[in-house]
Amino acid sequence: MKKTVILGALTAAGLAAGAATAGTLDDVKARGKLNCGVTTGLVGFAAPDANGNWDGFDVGVCRAVAAAVLGDPTAVEFVPTTGKTRFTALASGEVDMLARNTTWTFSRDVDLKFEFVGVNYYDGQGFMVPKELGVSSAKELDGATVCIQTGTTTELNLADFFRANNISYEPVPIETNAEAQQQYLAGACDVFTTDASGLAATRATFENPGEHAVLPEIISKEPLGPLVRHGDNEWGDVVRWTLNALIASEELGITSANLEEMAKGTNNPEINRMMGSEGSLGEMLGLDAEWAKRAIAAGGNYGELFAKNIGEETPVGLARGLNAQWKNGGLLYAPPFR
């Protein structure tokens, strides 16, 4: 979800610069564990089960990085963060990376000194309402009360939309998705607004999801992806190319089912380079030859992670849409493994 600056720019930049000098890749190897910042709980993306075991689409990225670096997808400490705490956690070094529905923006990249390593979900802000409210468009929400997470750019998008359409609203501030769900279902607000994927995930947890509608308007661009601190390029490369390996493996037809066979060598040089049977890509990253193979084995390729956690056959029920491979009309495109 889209969060605004919650640190002073200079403070964040100083923290980020200080933390980056430590060399995160070496720290993670020495610790034997990846500290990954996630949301406090969003079904399908990152949420703990009754036993405290985390699962979800974003969790899959964390586990892939842990597998690539440490050889163990379970060697992850998941650190729940809110919109207000996540940037502090990353800048201070409490977490090694964030994978939690965070939008890539200019100020976060440049002013806060974070580095987005890519996009793992192309999204946009939407609105959810009870069907009994009787509206079919966000432009009909004049005077509505709106549940909105504090410390987020969602607030700015919301204000811009209502102003542009010359309608008014009353904000109901909330801090976590769980609180938003509680307040919305209790009738404390007429509308809940956040990323459309977050609305779908939230609605999937309702006792009667069919009684709620996501309105057709998408009012923003929200490229969501993992991020690390500026200045630690070696670590940034590891996280970036792990994500790229998940995306490229789907394009190249590498799956959890055929992974071992592909790793033995194929007629496709790019597959061989990724799998480590040719070349020295792992060495360039400071890892061994099978880093990408382990990352894919952790939870499958991008398509497998999507289908298992948030796809159309899950309660979240998201279509691939913009998140389809580029050859299928989507925006997913990994640079060459060369």
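Here, residues in each chain are numbered from 1, in the same order as that chain's written sequence. In keeping with the predicted nature of the model, local features appear solely for residues at pLDDT of at least 70, side-chain atom pairs appear and are counted solely at 80 or more, and the whole-chain, interface and lining totals rest on all residues. Note: side-chain values were computed over all heavy atoms of the structure, leaving out hydrogens and water.

## A few points about the nonpolar core
Rule in force here: To form a nonpolar core, buried Ala, Val, Leu, Ile, Met, Phe, Trp, Tyr and Cys residues must be joined to one another through side-chain atoms within 4.5 Å. Accessibility here uses a 1.4 Å probe with only protein chains present; expressed as a share of the type maximum, an area under 20% marks a residue as buried, one over 50% as exposed, and anything in between as partly exposed. Strands here mean DSSP runs of E at least two residues long; helices mean DSSP runs of H or I at least four residues long; both are numbered from the N terminus. We call two residues in contact when some of their heavy atoms are within 4.5 Å.
Formed by 60 residues in total, the largest nonpolar core has its most connected members in Leu34, Met97, Trp235, Ile254 and Met274. Counting residues per element, this core draws most heavily on helix 3 (residues 57-70), at 9 residues. With sequence-adjacent residues up to four places away left out, Trp235 is seen in contact with Thr24, Leu25, Val28, Leu34, Val65, Val69, Asp96, Met97 and Val228. Ranked by size, the runner-up nonpolar core spans 14 residues in total, among them Phe127, Leu158, Phe161 and Val191.

## Description of the state of the cysteines
What counts here: Count a disulfide wherever a pair of cysteine sulfur atoms falls within 2.5 Å.
Tallied over the entire structure, the rule returns 2 disulfides. The residue that forms a disulfide with Cys36 is Cys62, at a sulfur-sulfur distance of 2.1 Å. With the S-S bond torsion at -60 degrees, the cross-link from Cys36 to Cys62 turns out left-handed. Linking Cys36 in strand 1 (residues 34-39) with Cys62 in helix 3, this pair joins segments that are 26 residues apart in sequence. Per residue, the accessibility class of Cys36 equals that of Cys62, and both read buried. Between the sulfur of Cys147 and that of Cys189 lies a disulfide, 2.0 Å long from S to S. Here Cys147 and Cys189 share a disulfide; its torsion about the S-S bond, -100 degrees, makes the bridge left-handed. With a gap of 42 residues between them, Cys147 in strand 9 (residues 144-149) and Cys189 in the loop between helix 7 (177-185) and strand 11 (191-195) connect regions that are remote in the sequence. Judged by its relative accessible area of 3%, Cys189 falls in the buried class. By sequence-ordered numbering of the bonded cysteines, the protein chain has its disulfides arranged as 1-2, 3-4.

## Thoughts on the side chain of Thr82
For Thr82, the location among the structural elements is in the loop between strand 4 (76-81) and helix 4 (86-92). Residue Thr82 is classed as buried on the basis of its relative accessible area, which comes to 12%. Sequence-distant contacts of Thr82, defined by excluding residues within four places in its chain, comprise Thr40, Arg100, Glu175 and Thr176.

## Notes on helix 13 (residues 291-299)
Among all positions in helix 13, only Trp291, Ala292, Lys293, Arg294, Ala295 and Ile296 are buried. Where helix 13 is buried, its residues contact helix 3, helix 9 (233-251), helix 10 (259-263), helix 11 (269-275) and helix 12 (281-285). Phi turns positive one or two residues past the end of helix 13, at Gly300, with a value near 95 degrees.

## Digging into the pairing of strand 11
Threshold: DSSP bridges decide pairing: two strands pair if at least two such bridges lie between them.
Across the 5 residues of strand 11, 5 count as buried, placing the element largely inside the fold. With 4 bridges connecting them, strand 8 (residues 125-130) and strand 11 associate as antiparallel partners. Within strand 11, the position partnered with Phe127 by the bridge is Thr193. Pairing of strand 9 with strand 11, which is carried by 2 bridges, proceeds in the parallel orientation. From the neighbouring strand, Val146 faces strand 11, where its bridge partner is Val191.

## Some thoughts on the packing of aromatic side chains
Filter applied, for reference: In this analysis, rings of Phe, Tyr and Trp, with Trp reduced to its six-membered ring, are considered paired at centre separations within 6.5 Å, and the interplanar angle assigns stacked below 30 degrees, edge-to-face beyond 60, and tilted for intermediate values. A ring has a charge above it when a Lys NZ or an Arg CZ is no more than 6 Å from the ring centre and no more than 35 degrees off the ring normal.
Across all of its chains, the model carries 17 aromatic pairs by this definition. Geometrically, the ring pair formed by Phe57 and Phe306 is edge-to-face, given 5.9 Å between the ring centres and 85 degrees between the ring planes. Taken as a pair, Phe57 in helix 3 and Phe306 in helix 14 (residues 302-309) lie far apart in primary sequence, 249 residues in all. A relative accessible area of 2% places Phe306 in the buried class. With centroids separated by 5.9 Å and ring planes inclined at 20 degrees, the aromatic side chains of Tyr184 and Phe206 adopt a geometry described as stacked. Of this pair, Tyr184 sits in helix 7 while Phe206 sits in the loop between helix 8 (196-203) and strand 12 (212-214); the two residues are 22 residues apart in sequence, bridging distant segments of the chain. Linked through ring pairs, Phe45, Phe57, Tyr121, Tyr302 and Phe306 together constitute an aromatic cluster. Sitting over the ring of Phe306, Arg320 keeps its end group 5.2 Å from the ring centre.

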